[in-house]
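Chain and residue survey
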Amino acid sequence: MLRIIALTTATLAAAPAVAQTLDRVEYGPRPFYLIDRMEDGPLKDQLQSCQNQEASMSLFSIGHRGAPMQFPEHTVESNRAAALMGAGILECDVTFTADLELVCRHAQNDLHTTTNILATPLASTCTTPFASADGDTNATAECRTSEITLADYRTLTPKMDAADGSATTVEAYLGGTSDYRTDLYSAEPAMLMTHAESIELFRDLGARFTPELKSPSVEMPFNGFTQEDYAQKLVDEYVAAGIPASDVWLQSFNLEDVLYWIEAAPEFGAQAVYLMDEYDIDGYSPMDASTWPNSMEELKAMGVNYIAPPMWMLVTLEGGEIVPSELAIQAKAADIKIITWTIERSGPLVNGGGWYYQSIADAVNSDGVMYELIDALAQDVGVEGIFSDWPATVTYYANCMGLE
């Protein structure tokens, strides 16, 4: 019988009250659930052999907005849960308020799906007021951090990122949580964070830092605040907190942000991560270098040392086996390090896994495939870390395989 290092419901529910510095890491049942669903073979045998291992924090395991499979993203509670599951690096997606304070949100314009703003007087600040569903037209709303002050922001209650497009009332619109997620840990108000507060929390939890500079929804400059000011302010808050650059992996989908850090803050720029959304380019293929806006050699010559494509861009199928894509092969040849996203964001994998698994969909028919993909990314692609919405899954693998 498996000995599960329990990450129990009671433990997670108590997370807001526990001391910030954690002296333990706990897996909970999910890694063992996934292993049980794997096809028999050497990898399954290896993972099963680690069932009694001592859990420890790993830099290979990155909390994606904390642990948002079950906790409201970018909250204190979500990140404490991620650290408890061994995520050695935690993420604050960074945007700014009307008074130019940096806060943790996945997007500048997501308050209508990640908080209760529509049910508060601050609904009057929303760029697009709530409009109910009407026939074949879904309900709509758009609310931005750039329309409210930090003081306003602190009055909001975070919730699971979701909205019910069929809703005819605000109350119904604020629901819509996916059935493979939960609102169980949203009953008690969670705690929003500024970026500076995330730095203090992550440091107290013993984790390192990977903030993402989110693309503004407003035209820049914004009230005199330029894109360069924005990128520099992110760096300045780590400097002010005394965090060494070696503990920080700055991220952006905007290559110009990465190049700014390389030039203006080279200690931080050396580990700046270029997030890749090149899949949006017509005709793009990670298997065909002629479709890429920049070759891996060109990126390396610019000073880019890290890229972070989504998982599907790094792998393909060959004879039914998961193998590296051309993008992964050329990145390795150019001595570019790779981080990837996002495991545990697709729900059950019995129907192919959706967007994150599209390049290997023909081999995805069970949740057990998740560890096959993680193994291919780690051993064959050579990724430095994997973002996860439930970090225990990656932590278990990293501990079992002896990854840092």
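Rules and cut-offs
Residues numbered from 1 in each chain as written. Predicted model: local features only at pLDDT ≥ 70, side-chain atom pairs only at ≥ 80, totals over all residues. Heavy atoms only, no water. Helix = DSSP H or I, 4+ residues; strand = E, 2+ residues; numbered from the N terminus. Buried < 20%, exposed > 50% of the residue type's maximum accessible area, 1.4 Å probe, protein only. Areas by Shrake-Rupley, 256 points an atom, 1.4 Å probe, with all protein chains shown as cover. Lys, Arg positive; Asp, Glu negative; His and termini not counted. Charge placed at Lys NZ, Arg CZ, Asp CG, Glu CD. Pairing = 2+ DSSP bridges. Phe/Tyr/Trp six-rings, centres within 6.5 Å; stacked < 30°, edge-to-face > 60°. Axes fitted to C-alpha atoms, helices over the stretch in contact; angles between N-to-C directions. Parallel < 35°, antiparallel > 145°, perpendicular 65-115°, else oblique. Left-handed = near helix turned anticlockwise from the far one by under 90°. Contact = heavy atoms within 4.5 Å. Nonpolar A, V, L, I, M, F, W, Y, C, P; charged D, E, K, R; others polar.

A short note on the overall build of the chain
Within the chain one finds 15 helices and 15 strands. With the C-alpha coordinates of the chain rotated into their principal frame, the extents come out at 60 × 50 × 50 Å. For the chain, the proportion of its 404 residues judged to be buried stands at 56%. Working note: accessible area of the chain is about 16100 Å², and carbon and sulfur atoms make up 48% of it. Across the chain, the centroid of the 20 positively charged side chains sits 7 Å from that of the 59 negatively charged ones.

Comments concerning the pairing of strand 3 (residues 93–96)
Across the two faces of strand 3 the burial is the same, with Asp 93 and Thr 95 and Val 94 and Phe 96 all buried. As judged from the two bridges shared by strand 3 and strand 8 (residues 212–213), these two strands associate in the parallel manner. Bridging across to strand 8, Asp 93 finds its partner in Glu 212. Relative to strand 4 (residues 102–104), strand 3 is paired through three bridges, and the arrangement is antiparallel. Across the sheet, residue Thr 95 finds its bridge partner in strand 4, namely Val 103. What sits between strand 3 and strand 4 in their antiparallel hairpin is a turn of five residues, with Leu 100 showing a positive phi close to 65°.

Observations concerning the packing of aromatic side chains
Inspection of every chain in the model, using the stated rule, returns 18 aromatic pairs. Ring centres 5.0 Å apart and planes at 85° place the aromatic pair Phe 96 and Tyr 230 in the edge-to-face group. Of the two residues, Phe 96 is situated in strand 3 and Tyr 230 in helix 9 (residues 227–240); the sequence distance between them amounts to 134 residues. Summarising the burial analysis for this pair, Phe 96 and Tyr 230 share the class buried. By way of ring pairs, the aromatic residues Phe 253, Tyr 279, Trp 312, Trp 341, Trp 355 and Tyr 356 are connected into one cluster.

Remarks on the packing of helix 8 (residues 195–204) against helix 9
Between helix 8 and helix 9, the shortest axis-to-axis distance is 10 Å and the interhelical angle comes to 40°. Between helix 8 and helix 9, the angle is such that the two are oblique. At the point where helix 8 passes helix 9, the crossing takes the right-handed sense. Counting all contacts with helix 8, which are made through His 195, Ala 196 and Ile 199, the residues of helix 9 involved are Leu 234, Glu 237 and Tyr 238. When the residues that make up the contact of helix 8 with helix 9 are grouped by side-chain class, the tally is four nonpolar, one polar and one charged.

Examining the environment of Gln 48
With respect to the secondary-structure elements, Gln 48 resides in helix 3 (residues 42–49). Look at Gln 48 and you get partly exposed, because its relative accessible area is 31%.

Just geometry here; none of it tells us what the structure is for.
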